[in-house]
Amino acid sequence: MTAVHVPGTPIIEDGRLVSTSPATGAEAGRLPVATAADVRDAVEQARAAGQWWAGLGFTGRRQRLLRWRGVLAGRIEELAELVHAEGGKPVADAVVEILTALEHIDWAARNARRVLGPRRVRTRLILAEFTGHLEYQPYGVVGVIGPWNYPVFTPIGSAAYALAAGNAVVFKPSEYTPAVGQWLVDRFAEVVPEQPVLTAVHGLGEVGAALCRAGVGKLAFTGSTATAKKVMAACAETLTPVLLEAGGKDAMVVDADADLDAAAEACVWGALTNAGQTCIGIERVYAVDPVYDAFLDKLVAKAGRLTVGPEGADIGPITMPAQLDIIRRHIDDAVARGGRAVLGGPEAVRPPYVHPTVLVDVPEDSAAVREETFGPTLTVNRVRDVDEAVARANALSYGLGGSVFGRKRAVAVARRLRSGMAAINSTLTFAGMSTLPFGGVGDSGFGRIHGEDGLREFGRAKAITRRRGPSLLPSMTFERTPADVARLVKVAKLRYGRGR
Ligand code: NDP
């Protein structure tokens, strides 16, 4: 018999992790919970599988990865329905998420050889009698721990790149979305049936903790900043390198010369897509005084038109029921401290939904401005000029993404945002561009997924020198003579002695 529980909160029943829809409570997945020993076994099996996978070479892996991409694309509606059923995400948002993930698999598969493969590097006058060679070798097994909010895009952002680099992957999906994680792994096994190259281990946080300690070569984590610290501490015990994609509190700056209709449209989407449960979601807006009122009117009009509900609506339920209390606390606190809700407000929290909420005049030191809300809410504050906007945007320890609307100063402002990414005259677009690295600074983590940097995260640089002729000027040998050393001194002065 199914225990009574809050819809959407996963439960463990008879050793199985059961995920349910946050909208209806209907069961979405039922998967075996892994013990610490199971996790270690999975990593050991993946180690052997990784050797086999690495042996396929870039061409063999590319073929398999492109086939995986093909299978996922062919069944995109089915996967979108599963994402919807398990996490509550509107199907249209799930389709956009999956499409973005497909693009990343495609790019990683096609570019791994160019970015990571063996190449000669240029040599210089010093040690010119040697050639230099560089390649990026796989870590063996990469552990991937993922969150629930983008259960396809986020793990694939690490896993596809790790696989393309020649690693096996052991994946721990969020306890809220294990069925989606297992589905991705099962489709991979259809195109790579020989070895467990991509596997999943399921359970609560302790299974993630076990993965950190199971002997993986690198651990790629996406989730909250608090958990990122625990992951890093666990990995520190064995000096296991980590890549941390953590939370954010991204800001949008609206300058005086911005296209306000476009800014309002992009802001509504950037802040409210996936019910605001987006690490790079816009949670704060700083609009300069001359355009503040006009921008706010347009924003509220557009946000107010969005529909909220289980099927076919723009905004679905809050996936993690416990998050509702945080969203409520942020709205209540903002209002109690002098902020005003110009759309939504405290009554917008109607579990499992939260209706779009726009808060203005919220003090900069309040929770709604400083902490990750992860709901369909945003604060819009008035600033004198873009300098003040940048100063406020940069005042938090988070630094994931950001957005700038404007013309003349937009590029300069984007550069000045203390973040790993910024979008000019759009929001969130950097996440879908496979050629660009994705990651944060400060409390938002470190390391990069996506793009060339993302591929390099999953390979160890291996440097090789090879002699191609005798040394005219012997230096790295005890056979050198005093005359050789005198010549070395001369070369040092000639080559490096000038101040330019
Ligand atoms: P959590 O940090 O709660 O969980 C992330 C993953 O870590 C889950 O699989 C979780 O398992 C697991 N986990 C929990 N405890 C431990 C532990 N002690 N050791 C190892 N793993 C553990 O994050 P959420 O799932 O709530 O995701 C939302 C957060 O993710 C937000 O802060 C969001 O900003 C961030 N995020 C960042 C992105 C980025 O690229 N920078 C992208 C998407 C989201 P379980 O679920 O079973 O507890």
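Owing to the predicted nature of the structure, the values given are computational and were not obtained by experimental measurement.

Draft legend 1. Focus on the sheet that holds strand E2 (residues 16-20). If you walk across this open sheet you meet the 3 strands as E1-E2-E3, and the pairing is antiparallel. The open sheet is flanked by strand E1 (11-13) and strand E3 (27-32), the only strands paired with a single partner. Neighbour to neighbour, the strand axes of the sheet diverge by 30 degrees on average, direction disregarded. Contacts from helix H3 (residues 76-87) reach E2 and E3 within the one sheet, and its direction differs from that of E3 by about 90 degrees. Together, E2 and E3 form the strand contacts of helix H6 (residues 178-191), whose direction differs from that of E3 by roughly 65 degrees.

Draft legend 2. Up close: the pattern of salt bridges. Tallied over the entire structure, the rule returns 28 salt bridges. A salt bridge links Arg-30 to Glu-27; the shortest N-O distance between them is 2.9 Å. By relative accessible area, Glu-27 is classed as partly exposed at 44%. Between Glu-452 and Arg-456 there is a salt bridge whose closest N-O contact spans 3.2 Å. Highlighted residues: Glu-452 and Arg-456, both in helix H15 (residues 451-456), separated by 4 residues, approximately one helical turn. Of the residues examined, Arg-456 reaches a relative accessible area of 30% and is grouped as partly exposed.

Draft legend 3. Molecular detail of helix H4 (residues 91-116). Here H4 contains 26 residues, and its C-alpha end-to-end distance of 36 Å stays within 8% of the 38 Å for a straight helix at 1.5 Å per residue. The sharpest bend along H4 measures roughly 40 degrees and falls at Arg-110.

Draft legend 4. Main features of the sheet that holds strand E22 (residues 445-446). Reading across the sheet, the 6 strands line up as E8-E7-E6-E9-E10-E22 and stay open at both edges, with mixed pairing between neighbours. Unpaired on one side and paired on the other, strand E8 (198-200) and E22 mark the two borders of the sheet. Both strand E9 (residues 218-222) and strand E10 (residues 242-245) contribute to a ladder of 4 bridges, which runs parallel. Each bridged residue has a counterpart across the sheet, and for Phe-221 the counterpart in E10 is Leu-244.

Draft legend 5. Region of interest: the environment of Gly-442. Checked against the element boundaries, Gly-442 lands in strand E21 (residues 441-442). Accessibility expressed as a relative area gives 45% for Gly-442, which makes it partly exposed. Separated by 88 residues in sequence, Gly-442 and Val-354 place their C-alpha atoms 29 Å apart. The contacts of Gly-442, once residues within four sequence positions are left out, are Ser-397 and Arg-418.

Draft legend 6. Looking closely at empty space enclosed by the protein. Per the counting criterion, the structure on display carries 5 cavities of 30 Å³ or more. A volume near 100 Å³ is recorded for the largest cavity. Around the largest cavity, the lining comprises 14 residues; the ones closest to its centre are Ala-251, Arg-284, Ala-393, Gly-401 and Arg-418. When contributions to the lining of the largest cavity are tallied by element, the ones reaching two or more residues are strand E11 (250-254) and strand E18 (398-399). The residue makeup of the lining of the largest cavity, split by class, is 5 nonpolar, 5 polar and 4 charged.

Draft legend 7. Spotlight on the packing of aromatic side chains. Applying the stated criterion across every chain yields a total of 8 aromatic pairs. With 5.8 Å between their ring centres and 65 degrees between their planes, Trp-53 and Phe-188 make a pair best called edge-to-face. Of this pair, Trp-53 sits in helix H1 (residues 36-55) while Phe-188 sits in helix H6, and the two are 135 residues apart along the sequence. Of the residues examined, Trp-53 reaches a relative accessible area of 0% and is grouped as buried. The class for Phe-188 is buried, based on a relative accessible area of 1%. Ring centres 6.4 Å apart and planes at 50 degrees place the aromatic pair Phe-430 and Phe-438 in the tilted group. In terms of burial, Phe-430 and Phe-438 fall into one category: buried. Chaining the aromatic ring pairs together yields one cluster made of Tyr-150, Phe-153, Phe-430 and Phe-438. Arg-61 extends its terminal NZ or CZ atom over the ring of Phe-58, reaching a point 4.8 Å from the ring centre. In this arrangement the basic side chain of Arg-187 is found over the ring face of Trp-183, its NZ or CZ atom lying 4.8 Å from the centre.

Draft legend 8. Here's a closer look at H3. Given a rise of 1.5 Å per residue, 12 residues ought to cover 16 Å, and the 16 Å separating the end C-alpha atoms of H3 matches this to within 8%. Taken residue by residue, H3 has Ile-76, Leu-79, Ala-80, Leu-82, Val-83, His-84, Glu-86 and Gly-87 as its buried positions. Buried residues along H3 sit against E2, E3, helix H2 (57-74), H4 and H6. Phi turns positive, to about 85 degrees, at Gly-88, one or two residues after H3.

The rules behind the values
- Residues numbered from 1 in each chain as written.
- Predicted model: local features only at pLDDT ≥ 70, side-chain atom pairs only at ≥ 80, totals over all residues.
- Heavy atoms only, no water.
- Pairing = 2+ DSSP bridges.
- Helix = DSSP H or I, 4+ residues; strand = E, 2+ residues; numbered from the N terminus.
- Axes fitted to C-alpha atoms, helices over the stretch in contact; angles between N-to-C directions.
- Contact = heavy atoms within 4.5 Å.
- Salt bridge = Lys/Arg side-chain N within 4 Å of Asp/Glu carboxyl O.
- Buried < 20%, exposed > 50% of the residue type's maximum accessible area, 1.4 Å probe, protein only.
- Expected span 1.5 Å × (residues − 1).
- Bend = angle between axes of the 7 residues up to and from the residue.
- 1 Å grid on protein atoms, 1.4 Å probe; cavity = no way out; pocket = protein on both sides within 12 Å on 5 of 7 lines; lining within 4 Å.
- Points joined across faces, edges and corners; volume = space filled by probe spheres on them.
- Nonpolar A, V, L, I, M, F, W, Y, C, P; charged D, E, K, R; others polar.
- Phe/Tyr/Trp six-rings, centres within 6.5 Å; stacked < 30°, edge-to-face > 60°.
- Lys NZ or Arg CZ within 6 Å of the ring centre and 35° of its normal.

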